[in-house]
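Letter by letter, the chains look like this.
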Amino acid sequence: MGSSLKSFIKDVRASKTLAEERSIIQKESAKIRTKLRDDHLPLEKRRKNIQKLLYLFILGEKTHFGQVECINLIASDEFVNKRLGYLAAMLLLDESQDLLTLLTNLLNNDLNHPNKFIVSLALTTLGFLSTLELARDLYPDVENILKTCKDPFLLKQALQCAAKLIAKDVSLLDIFSMEYISSIFENHAICTHSVLLGISKVLQSILLAYPGYLDLLREDGVELNGENHQILNDGIKFIPELLSRLQSLNVKSSQPDYDVKGICDPFLQCEIIYTLRLFFLLDVPEIDRFKNKFEDLLSQIATDTDGSKTSGQAILYETARTIFSLDLEQPLRILGINILAKFLSGRDNNVKYVALNTLLRVVPQEPTAVQRHRKFISRCLHDPDISIRMRALELTFAILDENSLVELVNELVKFLESASGDDKDLIIFTVDNLVETFEKFKVHDEKWKLDIFLKVLELVGSFITLEKLGDILIIINNTEDLQNKIYVVSKMLKVSLSNDQDSVIQIFDDNLGWKLVTIWCIGEYADLILLKNASEIINEESMTKYLLKLDSEYGTYDSKITQYVLTASLKLSSKIDNRKCIEDLRQIILNHTKDPNLMIQVKSVQYELIFSQPREIRKSILASMPIFERKVRTPDMDTQSNVHQKSKPVASNADLLLDLLGDMDSSSGQQQGKAPEMTLSSESTKPENSKPTDLLADIFSSNVNNFNGKAEPVGTSSSLEFKSTVTLPTNATKIYDGKALIVYSGDVTVENGSANFELYFEAKSSVTDLSCQSAVPKSQKLTMGSLYPSASVGHGQLSKQSMKVSGSGKLKLRVKLKYNSEGISNDEQFDHKFNEAL
Amino acid sequence: MTQIKYMLLISRQGKVRLQKWYVSLPNNEKTKIIRNLTSIVLSRKAKMCNIVEFGDHKVVYKRYASLYFVCGITQEVDNELLTLEVIHRFVETMDTYFGNVCELDIIFNFEKAYNILDDMLMCDGSLAESSKKEILNHVKTMDTMEHNDHLDRVLS
């Protein structure tokens with residue numbers, strides 16, 4: 001018979017082409033649509049059509065025309081129709097549809113049906129498709145089952161359903177009675193595993209739905225008393241019961257029905273642990289008194305659970321998550337980290353993945369404990385799975401500190417050695433963070449540090465972004481010990497300038513990063529190297545030849561290389577004596593004076609002009625770059641601070657704010673960046689010809705530009721003159737009175753979940769280098785403007801800073817001020833709560 | 001704490017064999033998720049871990065013979081390792097029900113697969129029953145009832 005579901009499925013599967021499949025499906029879909037429209041179609045036929053429609057649903061076809069039909073089937077008295085009707089309703093309808101009101105009566109009838117399987121269908125469907133209205137209308141029926149039913153099968157479903165209804169309509173909390181749960185707990189015969197799952201779910205739902213639960217988490221030590229908290233207090237009574245159930249589950253050995261590879265019902269164990277976690281997140285005395293017991297139990301679970309299979313690992317993982325989420329005592333935290341470290345040593349990738357992920361988040365809580373396991377972490381750098389390598393990289397940088405620097409950086413270089421082109425993102429991530437790491441930590445062995453960068457360039461130079469290349473150049477430029485500089489540059493030139501194919505270090509042709517750095521070093525340090533380390537390989541001719549070669553290779557299509565070559569040619573010409581070489585270099589520049597690329601053309605024309613200057617003048621213009629001082633905000637800071645925040649979901653407010661401040665420290669350099677001074681000073685030393693110097697400086701342009709836009713000229717006398725334009729508005733309120741500064745807030749406006757306001761800083765005595773850092777609670781986001789007019793505030797004068805906070809909750813602020821006053825640097829910090837809320 | 005957002009069964013050829021959504025999403029959104037996930041999951045190598053970050057949530061998947069079982073899970077709530085066990089429970093239960101389940105069983109008897117799944121996961125994708133036996137008993141009893149045309153006979 002051609003019309004059965006089976007033959008329809010067969011037809012679809014048998015179709016040879018996509019077009020054929022589509023046509024079969026469309027034809028059948030049209031047929032079903034017509035059939036269902038026929039009011040006289042017998043139920044049996046309707047059922048068939050709905051079954052086909054469900055198949056269409058799985059295929060991702062339109063099925064809306066069958067929605068009403070599900071309800072018709074549910075209305076039937078026959079079980080077979082009801083079962084299909086409910087199944088179809090759950091698939092074809094969703095919680096957003098008005099159609100659901102049609103279900104109210106049917107569900108109401110079926111929830112009170114004498115046949116428990118029909119009640120079960122109704123409960124399942126109500127749990128799946130509940131709207132606010134359905135929750136209100138049908139809760140009494142579900143409650144009735146909770147109250148009277150002694151069948152664990154229905155009870156578990158009623159509990160799940162109740163949990164969902166409470167989540168849908170929070171006002172049900174007022175009528176929900178914990179008595180039902182008490183009596184279930186008391187009756188051991190009905191308190192099966194699945195009923196316990198249901199109870200857990202209800203308790204979770206009550207906690208989460210409880211008005212202000214999340215606020216409670218945010219505020220420290222809010223007292224749970226009075227009528228309002230009655231239901232929570234009732235819930236707390238179950239904590240001992242949950243603890244003892246969990247304990248007995250964990251020690252129980254085989255219970256065939258619930259056994260998962262030797263572990264007794266890991267589902268229920270995890271569910272109870274999670275429920276308890278939600279309870280203990282509330283930091284209230286009524287709950288706190290059970291805390292010791294919970295901690296004991298967690299450590300018992302951590303020691304006793306067999307972690308050789310996923311089922312056991314799931315429980316251990318849940319235990320570790322709970323320990324860190326509640327930020328329990330240190331011994332437990334160490335235990336948690338050991339659990340995760342053990343995961344790393346295993347072979348299962350999933351387990352490694354969750355372990356790395358979790359460790360990454362707990363580094364701020366237990367840095368040393370995590371660091372202890374760095375061997376395992378480093379091993380994951382070479383895992384075949386890219387997501388594990390990525391996590392391991394992030395974690396490596398997160399645990400990196402002064403003591404572990406050398407070891408971990410060596411591991412990272414090993415990683416780069418083994419990395420392939422597929423790892424491009426990981427490589428970029430590594431290099432970016434390496435640069436930042438070396439900025440953050442003082443490295444005593446400069447030579448080692450330079451060797452590392454040389455190695456990095458050699459290995460992955462082709463992946464490094466221009467911006468980071470600039471950073472590496474700065475690192476070479478800023479080398480303190482001249483010997484080290486000569487050492488590293490010579491080493492690099494030796495490789496670049498030799499034609500030796502058998503050399504130990506092979507630079508691939510596409511390694512532009514290496515080439516750019518070589519070019520720059522030739523221009524910058526040729527004289528230095530020639531003076532100390534000239535050789536067969538490194539000499540005036542070979543350097544000139546190198547530039548010529550790269551110019552001919554890249555001259556027409558890579559403007560960045562060309563720009564570097566031009567600058568290097570110009571610089572090199574002032575540092576060597578060989579006339580032929582100088583002429584060759586001049587030719588390189590001359591050749592580009594008609595370059596179609598305007599930038600290059602302008603540059604070469606200008607360089608040409610410099611070239612024709614007398615040698616002495618050239619020399620002074622083309623002197624080596626001065627030491628660069630800079631602070632660059634890198635985007636990774638943001639990711640790190642995210643990690644930071646996430647890892648302490650319930651830590652007290654003050655801590656969070658502190659964390660935020662800590663993170664911002666490193667970024668605040670933006671406001672007092674020193675780079676502009678650098679440009680200023682280089683201009684002032686060579687006033688007669690500042691333009692070419694600027695052009696040379698644009699090798700670093702990516703960094704310098706960042707500052708030109710944002711940085712305020714700090715402490716320069718010129719900026720003092722025009723600054724006193726800020727006046728205090730009348731609505732300003734004093735929020736802090738410090739040693740040299742009074743802080744006011746003003747112009748607070750709140751709308752659409754975001755608040756704008758200004759902070760005014762009035763100087764009691766003259767203040768310079770003022771920087772203001774602020775933090776807001778976790779639920780909010782802060783955007784700060786820069787200090788206006790200046791970071792220097794004269795006596796009695798004002799400077800202001802605008803702020804924007806978006807998010808939710810009460811508006812509060814922690815402010816950290818740093819400034820110099822009368823030659824003393826001051827650090828002050830204060831908190832302010834605004835009357836406004838978001 | 002099991003709060004699965006959706007469960008998809010996708011064949012190695014990229015065909016959807018079962019889909020169940022525990023969160024309500026517009027159809028085009030569902031189609032997009034299925035399309036993107038299919039290509040992500042199918043292209044992952046066997047050695048890779050079974051957890052993928054996908055948009056604002058994570059996805060846990062596991063391959064059984066020719067079928068991929070793919071679960072979207074709720075960040076911070078779901079336990080990735082436990083989700084793998086949930087998937088495994090589902091597969092085991094179907095395996096017992098059909099007797100050595102294969103892709104074809106699910107294609108032709110998707111209703112049964114849904115029945116089993118609905119007994120296991122309720123509401124917002126929360127695990128309601130952890131015993132395989134209970135689920136099978138329940139589904140089989142309902143199957144028998146279906147065969148009886150008149151409800152009354154079964155009731156007694």
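Since the structure is predicted, the reported quantities are computational estimates derived from the model, not experimental observations. (Residues numbered from 1 in each chain as written. Chains lettered and ligands numbered in written order. Predicted model: local features only at pLDDT ≥ 70, side-chain atom pairs only at ≥ 80, totals over all residues. Heavy atoms only, no water.)

Description of the overall build of chain B
Check the secondary structure of chain B and you find six helices and seven strands. Traced from its N-terminal end to its C-terminal end, chain B shows the element sequence β-β-α-β-β-β-α-α-α-β-β-α-α. In chain B, once contacts between residues fewer than 6 apart in sequence are set aside, the share between residues at least 24 apart is 53%. When the accessible surface of chain B is summed, it comes to about 6000 Å², and 48% of that surface belongs to carbon and sulfur atoms. (Helix = DSSP H or I, 4+ residues; strand = E, 2+ residues; numbered from the N terminus. Contact = heavy atoms within 4.5 Å. Areas by Shrake-Rupley, 256 points an atom, 1.4 Å probe, with all protein chains shown as cover.)

Considering the overall build of chain A
Secondary structure summary: chain A contains 40 helices and ten strands in total. Considering chain A as a whole, with its 838 residues, one finds that 57% of them fall into the buried category. In chain A, 70% of the contacts between residues at least 6 apart in sequence involve partners at least 24 apart. For chain A, the accessible surface area stands at approximately 35700 Å², while carbon and sulfur atoms represent 50% of it. (Buried < 20%, exposed > 50% of the residue type's maximum accessible area, 1.4 Å probe, protein only.)

Examining the confidence of the model for chain B
Residues with a pLDDT of 70 or more make up 95% of chain B, whose mean pLDDT is 87. Interface confidence for the predicted complex, expressed as ipTM, amounts to 0.91; the pTM equals 0.69. (pLDDT = per-residue confidence, 0-100.)

Here we look at the nonpolar core
Within the largest apolar cluster, 284 residues are counted, with the highest numbers of intra-cluster contacts made by F176 and F343 of chain A together with F90 and M94 of chain B. Among the elements that line this core, the one with the most residues is helix α29 (residues 512-533) of chain A, at twelve residues. Domain assignment of the residues forming this core places at least three in each of domain 1 (1-93) and domain 2 (97-219) of chain A. Every residue in contact with M94 of chain B, bar those within four places of it in the chain, is listed here: L9, F69, G99, V101, I106, A113 and I116 of chain B. Grouped together as the second largest cluster of nonpolar side chains are 26 residues, L770, C772, V793 and M803 of chain A included. (Core = buried A, V, L, I, M, F, W, Y, C linked by side-chain atoms within 4.5 Å. Domains from an automatic or database assignment.)

Looking at the interface of chain A and chain B
Each partner contributes residues to the interface: chain A has 74 residues there, and chain B has 62 residues. When the two sides are added together, the surface that chain A and chain B hide from each other amounts to roughly 6200 Å², 59% of it contributed by carbon and sulfur. Broken down residue by residue, the surface that chain A buries against chain B is led by I58, R83 and F267 of chain A, which jointly contribute 13%. One can count seven salt bridges joining chain A with chain B. For R83 of chain A, the salt bridge identified is with E146 of chain B, shortest N-O distance 3.3 Å. Linking chain A with chain B are 25 residue pairs in polar contact (both at pLDDT 80 or more), by the criterion used here. (Buried area = accessible area lost by both parts, 1.4 Å probe. Salt bridge = Lys/Arg side-chain N within 4 Å of Asp/Glu carboxyl O. Polar contact = N/O pair within 3.5 Å; in protein donor to acceptor, adjacent residues only side chain to side chain.)

Looking at the packing of helix α23 (residues 386-399) of chain A against helix α25 (residues 424-440) of chain A
Residues and elements named next belong to chain A. Across the interface, α23 lies against α25 with an axial gap of 11 Å and an inter-helix angle of 5°. When the axes of α23 and α25 are compared, the pair comes out roughly parallel. Each of I386, R389, M390, L393, E394 and F397 in α23 lies in contact with α25, whose residues at this interface are L426, F429, T430, N433, L434 and T437. When its residues are assigned to classes, the contact of α23 with α25 shows seven nonpolar, three polar and two charged. (Axes fitted to C-alpha atoms, helices over the stretch in contact; angles between N-to-C directions. Parallel < 35°, antiparallel > 145°, perpendicular 65-115°, else oblique. Nonpolar A, V, L, I, M, F, W, Y, C, P; charged D, E, K, R; others polar.)

Details of the pairing of strand β10 (residues 824-837) of chain A
Residue and element names in this part refer to chain A. Sheet topology note: the strand β9 (residues 810-821)/β10 ladder contains eleven bridges and is antiparallel. Considered in β10, the bridge of Y819 is made with N826. Remark: two residues form the turn of the hairpin made by β9 and β10, two consecutive strands paired antiparallel; E822 in that turn has positive phi of roughly 50°. (Pairing = 2+ DSSP bridges.)

A short note on the sheet that holds strand β3 (residues 733-737) of chain A
All names here are of chain A. Read across the open sheet, the five strands follow the order β3-β4-β5-β8-β7; overall the sheet is antiparallel. Where the open sheet ends on each side, the last strands, each with one partner, are β3 and β7 (780-784). In this sheet, adjacent strand axes meet at a mean angle of 25° when their direction is disregarded. Pairing geometry for strand β4 (residues 741-751) and strand β5 (residues 754-763), over nine bridges, is antiparallel. Paired with I742 across the two strands is E762, which belongs to β5.

Some thoughts on the confidence of the model for chain A
Confidence in the prediction for chain A averages 76 pLDDT; 83% of positions are at 70 or higher. By mean pLDDT, the top-scoring element of chain A is helix α7 (residues 116-128) of chain A (89), and the lowest-scoring one is helix α40 (residues 717-721) of chain A (35).

Focus: the pattern of salt bridges
Opposite charge on two side chains lets them pair, provided their charged atoms get close. Tallying each qualifying case throughout the model produces 29 salt bridges over all chains. Note that D169 of chain A and R136 of chain A form a salt bridge whose closest N and O atoms lie 3.0 Å from each other. Here R136 of chain A lies in helix α8 (residues 132-148) and D169 of chain A lies in the loop between α9 (152-168) and α10 (179-186), a separation of 33 residues in the sequence. On the accessibility criterion, D169 of chain A (3% relative accessible area) is buried. The closest approach of N and O atoms between D124 of chain B and K164 of chain A, which form a salt bridge, is 3.2 Å. Of the two residues, D124 of chain B is situated in the loop between β6 (121-122) and β7 (126-127) and K164 of chain A in helix α9; the pairing between them involves two chains. By relative accessible area, D124 of chain B is classed as partly exposed at 29%.

Quick notes on the sheet that holds strand β2 (residues 16-21) of chain B
With antiparallel pairing, the five strands of this open sheet are ordered in space as β2-β1-β5-β4-β3 (chain B). Taken across any chain shown, the strands that pair with only one partner, and hence form the sheet edges, are β2 and β3 (51-54) of chain B. Adjacent strand axes in the sheet meet at a mean angle of 20° when their direction is disregarded. Across the sheet, helix α20 (residues 349-362) of chain A touches β3 and β4 (57-64) of chain B, and the angle it forms with β3 of chain B is around 50°.

So, unusual backbone geometry
Residue D769 of chain A is not a glycine yet carries a positive backbone phi of 50°. One can find D769 of chain A in strand β6 (residues 767-775). Classification of D769 of chain A as partly exposed rests on a relative accessible area of 29%. One non-glycine residue, C123 of chain B, lies in positive phi territory at about 45°. Within the secondary structure, C123 of chain B sits in the loop between β6 and β7. Overall, C123 of chain B belongs to the buried group, its relative accessible area being 5%.

Points about helix α4 (residues 67-75) of chain A
Restricting attention to buried positions, one finds in α4 of chain A the residues Q67, E69, C70, I71, L73 and I74 of chain A. Of the surrounding elements, those touching the buried residues of α4 of chain A are α2 (18-37), α3 (43-59), α5 (79-92) and α6 (103-111) of chain A.

Looking at the environment of L208 of chain A
Residues and elements named next belong to chain A. In this fold, L208 is placed in helix α11 (residues 193-209). Taking the relative accessible area as the measure of exposure, L208 reaches 44% and is therefore partly exposed. Between the alpha carbons of L208 and F279 there is a distance of 9.9 Å; along the sequence they are 71 residues apart.

Re the pairing of β2 of chain B
All names here are of chain B. Counting buried residues along β2, six of its six residues qualify, which places the element largely inside the surrounding structure. Relative to β2, strand β1 (residues 4-11) is paired through five bridges, and the arrangement is antiparallel. The residue bridging L8 from the neighbouring strand is Q19, located in β2. In this structure, the hairpin formed by β1 and β2 is closed by a connection of four residues, where G14 is found at a positive phi of approximately 90°.

Concerning helix α1 (residues 5-14) of chain A
The set of residues buried in α1 of chain A consists of L5, S7, F8, I9 and V12 of chain A. Buried positions along α1 of chain A lie against α2 and α3 of chain A together with α3 (103-108) and α4 (110-120) of chain B.

Things to note about the packing of aromatic side chains
Residue and element names in this part refer to chain B. Throughout the structure, instances matching the rule amount to 15 aromatic pairs over all chains. Measuring from ring centre to ring centre gives 6.0 Å for F69 and F90, while their planes differ by 80°; the resulting arrangement is edge-to-face. Here F69, found in strand β5 (residues 67-73), pairs with F90, found in helix α2 (residues 80-98); they are 21 residues apart in sequence, far enough to count as distant. We classify F69 as buried; its relative accessible area is 3%. (Phe/Tyr/Trp six-rings, centres within 6.5 Å; stacked < 30°, edge-to-face > 60°.)

Some remarks on the side chain of T38 of chain B
All names here are of chain B. One can find T38 in helix α1 (residues 27-43). For T38, a relative accessible area of 10% gives the class buried. A distance of 2.4 Å separates a polar side-chain atom of T38 from the backbone oxygen of I34.

Things to note about the packing of helix α26 (residues 446-460) of chain A against helix α28 (residues 482-497) of chain A
Residue and element names in this part refer to chain A. At their nearest, the axes of α26 and α28 sit 9 Å apart, and the two run at 20° to each other. Judged by the inter-axis angle, α26 sits roughly parallel to α28. Of the two elements, α26 crosses α28, and the hand of that crossing is right-handed. Residues E446, K447, L450, D451, L454 and L457 of α26 pack against N484, K485, Y487, V488, K491 and M492 of α28. Here the residues of the contact of α26 with α28 sort into six nonpolar, one polar and five charged. (Left-handed = near helix turned anticlockwise from the far one by under 90°.)

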